[in-house]
Amino acid sequence: PDVGQISLEDLLQHADKHRKLNKITEFVLKDACQKFIHWQALGLNPKMICVPVVLKQLESAQFVYNLSQILQNNNIKPSSLMLEIQEHSSPHSLD
């Protein structure tokens, strides 16, 4: 509230700087999966969900494993997930 709206790029840079990028992305993915399931239960039949990720996250075997586990735990087909790949780059760790 003190800063106002921030861009996705700024959020990703801040999260990466504080080594929280994967945690935030996993939280967003879990929340999106729950909403996707809820919308299906309401009969809305969404085709897919879209979650922003940073390209270097996909280079992390642990991140890819966690992503696949989240989809599996929510019974969501991988084809129902669209990853919106951001080009953010930073020297910081992903964890």
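Residues numbered from 1 in each chain as written. Predicted model: local features only at pLDDT ≥ 70, side-chain atom pairs only at ≥ 80, totals over all residues. Heavy atoms only, no water.

What follows covers the pairing of strand 1 (residues 49-54). Alignment of strand 1 against strand 2 (residues 81-86), held across 6 bridges, turns out to be parallel. When the sheet's bridge partners are listed, C50 is paired in strand 2 with M82. (Pairing = 2+ DSSP bridges. Helix = DSSP H or I, 4+ residues; strand = E, 2+ residues; numbered from the N terminus.)

It is worth spelling out the packing of helix 2 (residues 21-41) against helix 3 (residues 61-73) at this point. Each pair of packed helices can be described by the angle between their axes along with the distance between the axes. Helix 3 packs onto helix 2 with a crossing angle of 15° between their chain directions and a minimal axis gap of 10 Å. Compared by their axis directions, helix 2 and helix 3 come out roughly parallel. For the pair helix 2 and helix 3, the crossing hand works out as right-handed. Residues N22, T25, E26, L29, K30 and C33 of helix 2 form the contact with helix 3, whose own contacting residues are F63, N66, L67, I70 and L71. Here the contact of helix 2 with helix 3 is built from residues that sort into 6 nonpolar, 3 polar and 2 charged. (Axes fitted to C-alpha atoms, helices over the stretch in contact; angles between N-to-C directions. Parallel < 35°, antiparallel > 145°, perpendicular 65-115°, else oblique. Left-handed = near helix turned anticlockwise from the far one by under 90°. Contact = heavy atoms within 4.5 Å. Nonpolar A, V, L, I, M, F, W, Y, C, P; charged D, E, K, R; others polar.)

Looking at the protein as a whole, the pLDDT averages 87, with 91% of positions reaching at least 70. The lowest-confidence element of the protein is helix 1 (residues 8-17), averaging 84 in pLDDT; the highest-confidence one is helix 3, averaging 95. Predicted confidence for residues 91-95 stays below pLDDT 50, and this span has 16 contacts to residues more than four positions away or in other chains. (pLDDT = per-residue confidence, 0-100.)

Following the criterion strictly, the structure yields 2 salt bridges and no others. For K56, the salt bridge goes to D16, with nearest N and O atoms at 3.1 Å. In this pair, K56 is assigned in the loop between strand 1 and helix 3 and D16 in helix 1, connecting sequence segments 40 residues apart. Exposure class is identical for K56 and D16. Each is buried. The closest approach of N and O atoms between D31 and K35, which form a salt bridge, is 3.0 Å. Of this pair, D31 and K35 both sit in helix 2, separated by 4 residues, roughly a single helical turn. You can call D31 partly exposed: its relative accessible area is 28%. (Salt bridge = Lys/Arg side-chain N within 4 Å of Asp/Glu carboxyl O. Buried < 20%, exposed > 50% of the residue type's maximum accessible area, 1.4 Å probe, protein only.)

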